Amino acid sequence: RIDVPVLRFNFRGVGRSGGEFSGGPGEQADVRAALDFMAARYPEVEKIWAGGMSFGSWAAMTAAASDSRTTALIGIACPVNTYDYTSVVAAAKPTFLIHGERDELIPVREARRFYGQLSEPKELVVIDGADHLFDGKVSEVGDAIEDLLQDFHG
């Protein structure tokens, strides 16, 4: 077990969140607001990680790449074949990726190509047999995140 504060939120227009989907700028603003919230709520925390899944990985990682408070990035099923992750590569922050071996939207070779562009420290965890939504494999994603946090944050 690790003891870290976590904030999970819905982007604008998702679930009971107000607003409307904007395709990127608004969702990146949501991430920045979440970072502001966590920094204010937990001022003693020195390591703030930002991450997300699929489109959320792009919004979180690109918004957090330029935020000096963010010390590491986590991307799950990153749509690197659809969205521009140049700012993530340029930020050279510790970056951890989790991808499904059988992701039907983003071939694992694309995730490996992106991984190859990243600076150390970095890690890519490929979940055997997992599709884009990690159907039947969600616990393995959780285990991978916990391992990454323990190894890097510990």
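Just so it is clear, the structure is predicted and the values come from calculations on it, not from any experiment.

Draft legend 1. Main features of the packing of helix H1 (residues 25-41) against helix H2 (residues 55-65). Axis separation between H1 and H2 bottoms out at 8 Å; the angle between their running directions is 60°. Relative to H2, the element H1 lies oblique. Handedness of the H1/H2 crossing: right-handed. Together, Glu-27, Gln-28, Val-31, Arg-32 and Leu-35 of H1 and Phe-55, Trp-58, Ala-59, Ala-60, Thr-62, Ala-63 and Ala-64 of H2 make up the contact between the two elements.

Draft legend 2. View of the packing of aromatic side chains. Applying the stated criterion to the full structure yields 8 aromatic pairs. Between Phe-11 and Phe-55, the ring centres sit 6.0 Å apart and the planes meet at 70°, which makes this aromatic pair edge-to-face. Pair noted here: Phe-11 is in the segment before H1 and Phe-55 is in helix H2, with a separation of 44 residues, a long-range link. For the pair Phe-11 and Phe-55, a shared accessibility class is recorded, and that class is buried.

Draft legend 3. Spotlight on the environment of Tyr-83. Along the chain, Tyr-83 turns up in the loop between strand S2 (70-76) and helix H3 (86-91). C-alpha separation for the pair Tyr-83 and Gln-28, spaced 55 residues apart in sequence, amounts to 13 Å. Tyr-83 has contacts with Phe-55 and Trp-58, leaving out every residue within four places of it along the chain.

Draft legend 4. Geometry of the sheet that holds S2. Taken in spatial order, the 4 strands make up an open sheet running S1-S2-S3-S4, and their pairing is parallel. In this open sheet, the two edge strands, each paired with only one partner strand, are strand S1 (48-53) and strand S4 (122-127). Averaged over all neighbouring strand pairs, the angle between strand axes comes to 10°, with direction disregarded. Of the pairings in the sheet, the one linking strand S3 (residues 95-100) to S4 comprises 6 bridges and is parallel in character. Bridging across to S4, Gly-100 finds its partner in Ile-127.

Rules and cut-offs
- Residues numbered from 1 in each chain as written.
- Predicted model: local features only at pLDDT ≥ 70, side-chain atom pairs only at ≥ 80, totals over all residues.
- Heavy atoms only, no water.
- Axes fitted to C-alpha atoms, helices over the stretch in contact; angles between N-to-C directions.
- Helix = DSSP H or I, 4+ residues; strand = E, 2+ residues; numbered from the N terminus.
- Parallel < 35°, antiparallel > 145°, perpendicular 65-115°, else oblique.
- Left-handed = near helix turned anticlockwise from the far one by under 90°.
- Contact = heavy atoms within 4.5 Å.
- Phe/Tyr/Trp six-rings, centres within 6.5 Å; stacked < 30°, edge-to-face > 60°.
- Buried < 20%, exposed > 50% of the residue type's maximum accessible area, 1.4 Å probe, protein only.
- Pairing = 2+ DSSP bridges.

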